[in-house]
Amino acid sequence: MGEVCDLAMRLPLSFYNRPALTVARELLGKVLVHDAPNGRRAGCIVETEAYVGEHDLACHASKGRTKRTEVLFGPPGRAYVYFIYGMYYCLNVVTEPEGIAAAVLLRALEPLGGVPPGLFTNGPGKLCRAMEVSLAHNREDLRGKRLFIEDAPQIPKSRIERGPRVGVEYSGPWAQRPYRFWIRGNRFVSAPRRSTRNT
DNA sequence: CTATTGATGGTC
DNA sequence: ACCATCAATAGG
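Treat the numbers as computed from the prediction; the structure is a model and nothing was measured.

### Focus on the environment of Leu-27
At step 1: Relative to the elements of secondary structure, Leu-27 occurs in helix H3 (residues 20-27).
At step 2: Given the relative accessible area of 0%, Leu-27 is considered buried.
At step 3: The sequence separation of Leu-27 and Arg-184 amounts to 157 residues, and the corresponding C-alpha distance is 14 Å.

Laid out in structure tokens, this is it:
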């Protein structure tokens with residue numbers, strides 16, 4: 001059996017060329033693949049966050065066009081990787097037509113293969129570490145050779161939960177908007193949830 | 001269980 | 001000075 005289907009399975013440009021909120025919801029269940037030097041690593045996307053444009057005060061693009069945010073203004077379907085807190089990378093998917101600076105942050109994966117034992121994928125920083133994603137992937141086309149997202153059956157809305165984004169308290173009213181999406185009950189969703197109240 | 005803090009460096 | 005994080009620590 002060959003791998004003739006590989007290219008066909010990648011999500012098409014039209015998937016990314018839509019509102020960030022739509023892409024964030026529909027990315028759940030899709031498969032992130034990195035053909036790293038040491039081998040293929042893959043995981044099912046189980047948690048995302050939408051950053052909807054320059055007017056979104058939590059979006060990096062709200063600072064305007066800079067060297068760092070330039071990629072957000074570019075064509076959809078590319079990777080936006082940034083370095084944060086001196087030691088972590090975060091991976092985003094650029095969405096919406098060129099000129100509109102929106103993106104979806106990948107926050108958690110359910111490991112499917114190639115992820116070394118002891119590495120976790122429940123959180124944006126850990127996800128990049130486990131998948132070996134770094135600044136080297138910034139601006140890369142996500143329908144490319146080594147880093148891509150494969151199509152998979154859509155997760156029904158009844159199995160999707162949403163809530164406020166994590167770590168953006170500085171953005172005022174935007175902090176409360178329910179732009180974070182995750183698969184209900186999935187054990188690989190990142191931890192920071194407040195009401196762990198049992199009854 | 002909750003709350004706080006240190007690590008560590010790019011960005012503006 | 002701030003930060004789309006995380007692990008470790010201290011306290012109840």
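Still to come is the rest of the account.
### Digging into the protein's contact with DNA strand C
At step 1: Near DNA strand C lie 19 residues; those nearest to it are His-60, Tyr-82, Tyr-88, Asn-92 and Tyr-170.
At step 2: The separation between a base nitrogen of DNA strand C and a polar main-chain atom of Ala-58 is 3.4 Å.
At step 3: Mapped by element, the contributors of at least two residues to the surface near DNA strand C are strand E3 (79-84), strand E4 (88-95), strand E5 (102-113) and helix H5 (124-131).
At step 4: Of the residues in the surface near DNA strand C, the class split is 12 nonpolar, 5 polar and 2 charged.

### Thoughts on H5
At step 1: Counting buried positions over the 8 residues of H5 gives 6, a clear majority of the element.
At step 2: Among all positions of H5, only Pro-124, Gly-125, Leu-127, Cys-128, Ala-130 and Met-131 are buried.

Thresholds applied
- Residues numbered from 1 in each chain as written.
- Chains lettered and ligands numbered in written order.
- Predicted model: local features only at pLDDT ≥ 70, side-chain atom pairs only at ≥ 80, totals over all residues.
- Heavy atoms only, no water.
- Helix = DSSP H or I, 4+ residues; strand = E, 2+ residues; numbered from the N terminus.
- Buried < 20%, exposed > 50% of the residue type's maximum accessible area, 1.4 Å probe, protein only.
- Near = heavy atom within 4 Å.
- Polar contact = N/O pair within 3.5 Å; in protein donor to acceptor, adjacent residues only side chain to side chain.
- Nonpolar A, V, L, I, M, F, W, Y, C, P; charged D, E, K, R; others polar.

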